[in-house]
Amino acid sequence: SSGINAEWPLRPGNKAGAFVLEDGICLCNNVIKVIFSLEGRLKSLIHKPTGRECLEAGSFGNRFVIFDDIPLFWDAWDVMEYHVETRQEYHPKTIQVVESGPLRASVKITVPLVEHGDLTLIATVVTETPYVSFKADVSWRAAHKFLKVEFPLSVSSTDAQYEIQSGLVSRPTHANTSWDSAKFEVSGHKWAYLGEPDFGVGLLSKSKYGYSAQHNRLTLSLLRSTKAPDGNADMDDHVIEYAIYPNAGPLYASKIVQHAINFNHPLLLHTSLRQDRTAPRSKPALNPSRLINKTSLRVSSEDVVVQAIKKAEDRKGLVVRLYEPYGKTVFNVSVFHDLLKQAFSINAVERDSSKTELPMKGNVVGPLQFKPFEIKTIYLELNLADDMTNGSSCKKAKLNDE
């Protein structure tokens, strides 16, 4: 949903920071602690609430590896299983602090890819954000090569989960059968997850959709360099963003869907005017307490995701699509709208014949029940003559065409 919320000053324990150690550099906030070596290798990722180390003992994370990529038939479409046997790792060379808090702490890392290109990486920890994000600027000059980044983790599971539209799929992390072996790479949307019943680690992606999980190693495919049908495919400069997200508890309680959405669609930050005697009188100060939670659409349960909001085809209301992402039944879900008049359950193409009136009380729709992975499309008829601010009469509000 969209709306306005006031942000108050940070509590001291929630600030992000960067600290230079004898043997590396530490980025931390109130949730995670990340330690890089003096060369820029990720050697520790600690989940503070549990004190658990997320990386495999004796291993480094965020490893950039390149494979030979020579398919038998279709260059740009096929990835052959035997490419994993040609692994070559490329190590970072330098690291320096670029931001030291309190809202954000970052380091800049350079990773020479020799004749294949150059890679500069910004690793960032943001206050109160439970993951460390990476932004890679890659100048890619390779031919028939496959660039990936991998994280050997301290968690173990026979299956990993990958996001698909309105849900997830599970794929094996082993190659016990020929069918399992054929699943060496999996397509997914914004996240992949490897976890145990009480702890897991997610890999969030902003623009790359090829993942793999072999035993305890979680990998994201970054770039290829095929030569047919385009002889210059991917031979250019690229900006790639991803993040690693540790969390306590099972997948369905991880909120990884919400964090992946936030990572892909960050909020726009606007600073409100404060009471300032030096401010021009033409710009009156705003009282932040009046702006808290002024959101038009809200959903009571974090186990249900708002997938889309659009103007209805009849231009008289809003259509909201929601779904359950983890594969469990969710009870007592309520949908709120400040201007709600009536609510109906409809099908995806908004046919009038499919309308079913939903239970309501005031400006609340519900309670609703979601079955595992169920998608619901709701039509909200709005009272557009209501005053959205202080209850006085006002001009008729119009829905935004955007």
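Just so it is clear, the model here is predicted, and its values are computed rather than measured.

Novice: When you look at the packing of aromatic side chains in this model, what are you seeing that I'm missing?
Specialist: Aromatic rings in a pair are described by how distant their centres are and how their planes are angled relative to each other. A complete count under the given rule lists seven aromatic pairs for this structure. Between F134 and F151, the aromatic rings sit 6.2 Å apart at their centres with planes inclined by 50°, giving tilted as the arrangement. On the criterion of sequence distance, the pair formed by F134 in strand β12 (residues 132-140) and F151 in strand β13 (residues 145-152) is long-range, its members being 17 residues apart. Across this residue pair, the class does not change: F134 and F151 are buried. Three or more aromatic residues link up through ring pairs in this structure, and these residues are Y131, Y245 and F263. Over the ring of F146 we find R224, and its NZ or CZ is 5.7 Å from the ring centre. Residue placement shows K355 over the ring face of F344; its charged tip is 5.2 Å from the ring centre.

Novice: What should I look at first to understand the pairing of strand β7 (residues 63-68) in this one?
Specialist: On a regular strand, each side chain points to the face opposite its neighbour's, so the side chains alternate between the two faces of the sheet. By the criterion of burial, β7 is predominantly enclosed, with five of the six residues buried. Relative to strand β8 (residues 88-90), β7 runs antiparallel, the two sharing three bridges. Across the sheet, I66 pairs through a bridge with Q88, a residue of β8.

Novice: What's the story with the confidence of the model for the chain in this structure? I'm lost.
Specialist: Within the chain, residue pLDDT values average 88, and 86% of them lie at 70 or more. Every residue in residues 288-294 is under pLDDT 50, and counting partners more than four places away or in other chains gives 15 contacts. Residue range residues 386-402 is modelled with pLDDT below 50. Its contacts to residues more than four positions away, or to other chains, number 16 contacts.

Novice: Hey, could you run me through the sheet that holds strand β24 (residues 305-311) in this one?
Specialist: Whether parallel or antiparallel, the strands of a sheet pair through hydrogen bonds between backbone atoms. Sheet architecture is open: five strands sit in the order β24-β25-β31-β27-β28, paired in antiparallel fashion. Each edge of the sheet is formed by a strand with only one pairing partner; in this case those strands are β24 and β28 (356-357).

Novice: Quick question: what am I supposed to make of the sheet that holds β7 here?
Specialist: If you trace the six strands from one edge of the open sheet to the other, you get β8-β7-β13-β20-β19-β16, paired in antiparallel fashion. A single partner strand is all that each edge strand has here, and the edge strands are β8 and β16 (186-187). Strand direction decides the pairing type here: β7 and β13, joined by six bridges, are antiparallel. By the bridge assignment for β13, D68 is matched with K145.

Novice: Even after reading the chapter, I still don't get the pattern of salt bridges, so can you show me in this structure?
Specialist: Working definition: two side chains of opposite charge can pair if their charged atoms are close together. Evaluation of the coordinates by the stated rule reveals 21 salt bridges. In this structure, D23 and K43 form a salt bridge, with 3.0 Å as the shortest nitrogen-oxygen distance. Of this pair, D23 sits in the loop between β2 (17-21) and β3 (24-28) while K43 sits in strand β5 (residues 42-47), and the two are 20 residues apart along the sequence. The shortest N-O distance in the salt bridge between E374 and K376 comes to 3.2 Å. Through salt bridges that share partners, R41, R63, R87, E89, E150 and R217 make up one connected network.

Novice: Would you take a moment to explain helix α2 (residues 256-264) for this structure?
Specialist: Each α-helix winds once per 3.6 residues, and so residues spaced three or four apart point in a common direction. Along α2, the residues classified as buried are I256, V257, H259, A260, F263 and N264. The arc that holds every buried residue of α2, seen down its axis, measures 165°, which confines them to one face.

Novice: How should the pairing of β5 be read in this particular structure?
Specialist: Summarising the sheet, strand β4 (residues 32-37) and β5 pair through five bridges and their orientation is antiparallel. Bridge assignment links K33 to a residue of β5, and that residue is I46. Hairpin connection from β4 to β5: four residues lie between these consecutive antiparallel strands, with G40 at a positive phi of about 105°. In terms of strand pairing, β5 meets strand β6 (residues 52-53) through two bridges, oriented antiparallel. Bridge pairing in β6 places H47 opposite R52.

Thresholds, definitions, all that
- Residue positions are counted from 1 within each chain, in the order its sequence is given.
- Restriction of local features to residues with pLDDT of at least 70 applies here, the model being predicted, together with a cutoff of 80 or more for giving and counting side-chain atom pairs; totals for whole chains, interfaces and linings are based on all residues.
- Only heavy atoms go into the side-chain values, all of them from the structure, while hydrogens and water stay out.
- Only Phe, Tyr and Trp rings take part, Trp by its six-membered ring, and two of them pair if their centres are within 6.5 Å. Stacked means planes under 30 degrees apart, edge-to-face means over 60, and tilted covers everything else.
- For helices the rule is a DSSP run of H or I covering at least 4 residues; for strands it is a run of E covering at least 2, with both sets numbered from the N terminus onward.
- For each residue, the accessible area found with a 1.4 Å probe, counting protein chains only, is set against the maximum for its type, and the residue is called buried under 20%, exposed over 50%, and partly exposed in between.
- Placement of a positive charge over a ring is assigned whenever Lys NZ or Arg CZ falls within 6 Å of the ring centre and within 35 degrees of the normal to the ring plane.
- Paired strands, in this sense, are two strands between which DSSP finds at least two bridges.
- By definition, pLDDT measures how confident the predictor is in each residue, and it falls between 0 and 100.
- In what follows, a contact means two residues having at least one pair of non-hydrogen atoms within 4.5 Å.
- When a carboxyl oxygen of Asp or Glu lies within 4 Å of a side-chain nitrogen of Lys or Arg, that pair is called a salt bridge.
- As used here, the arc is the angular range of directions from the helix axis to the C-beta atoms.

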